[in-house]
Amino acid sequence: MDIDEEGRLRNVLWIHPRSKIAYEEFHDVVSFDTTYLVNRYKMAFASIIGVNHHGHSILLGCALVMHEDADSFK
């Protein structure tokens with residue numbers, strides 16, 4: 001979690017422990033995609049998707065990002 005000087009949420013990344021294990025096994029294909037400020041808080045929602053050995057998409061993680069600039073993704 002990343003909080004600004006006024007105590008407001010700037011960025012948050014969520015990854016379930018099972019997703020970490022899945023990433024170690026299925027890290028060949030990973031997609032990172034963001035929406036464009038469509039939620040109530042005007043934050044971009046990012047999904048991190050992988051592909052398992054059956055060719056099915058699996059959720060590896062997700063994030064809320066205040067700004068879509070290079071510093072936000074570090």
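Here, every reference points to the structure presented above.
Keep in mind that this is a model prediction, so the values were computed, not measured.

Okay, the sheet that holds strand S2 (residues 9-14) next. Spatially, the 5 strands line up as an open sheet ordered S1-S2-S5-S4-S3, and their pairing is antiparallel. On the outer flanks of this sheet lie strand S1 (2-3) and strand S3 (30-34), each paired with one strand and no other. Note that S1 and S2 share 2 bridges and pair antiparallel. Looking at the pairing, Ile 3 lines up with Leu 9 of S2. Packed onto the sheet, helix H1 (residues 17-25) meets S3 and strand S5 (57-65) and runs at close to 120° relative to S5.

A few words now on the pattern of salt bridges. Enumeration according to the criterion identifies 3 salt bridges in this entry. Between Asp 2 and Arg 10 there is a salt bridge whose closest N-O contact spans 3.1 Å. The partly exposed category is assigned to Asp 2, whose relative accessible area is 25%. Its relative accessible area of 33% is what places Arg 10 among the partly exposed residues. Across the pair Arg 8 and Asp 4 runs a salt bridge whose closest N-O atoms are separated by 3.0 Å. According to the relative accessible area criterion, Asp 4 is buried, its value standing at 14%.

Here is what the cut-offs are and how they apply
- Residues numbered from 1 in each chain as written.
- Predicted model: local features only at pLDDT ≥ 70, side-chain atom pairs only at ≥ 80, totals over all residues.
- Heavy atoms only, no water.
- Pairing = 2+ DSSP bridges.
- Helix = DSSP H or I, 4+ residues; strand = E, 2+ residues; numbered from the N terminus.
- Contact = heavy atoms within 4.5 Å.
- Axes fitted to C-alpha atoms, helices over the stretch in contact; angles between N-to-C directions.
- Salt bridge = Lys/Arg side-chain N within 4 Å of Asp/Glu carboxyl O.
- Buried < 20%, exposed > 50% of the residue type's maximum accessible area, 1.4 Å probe, protein only.

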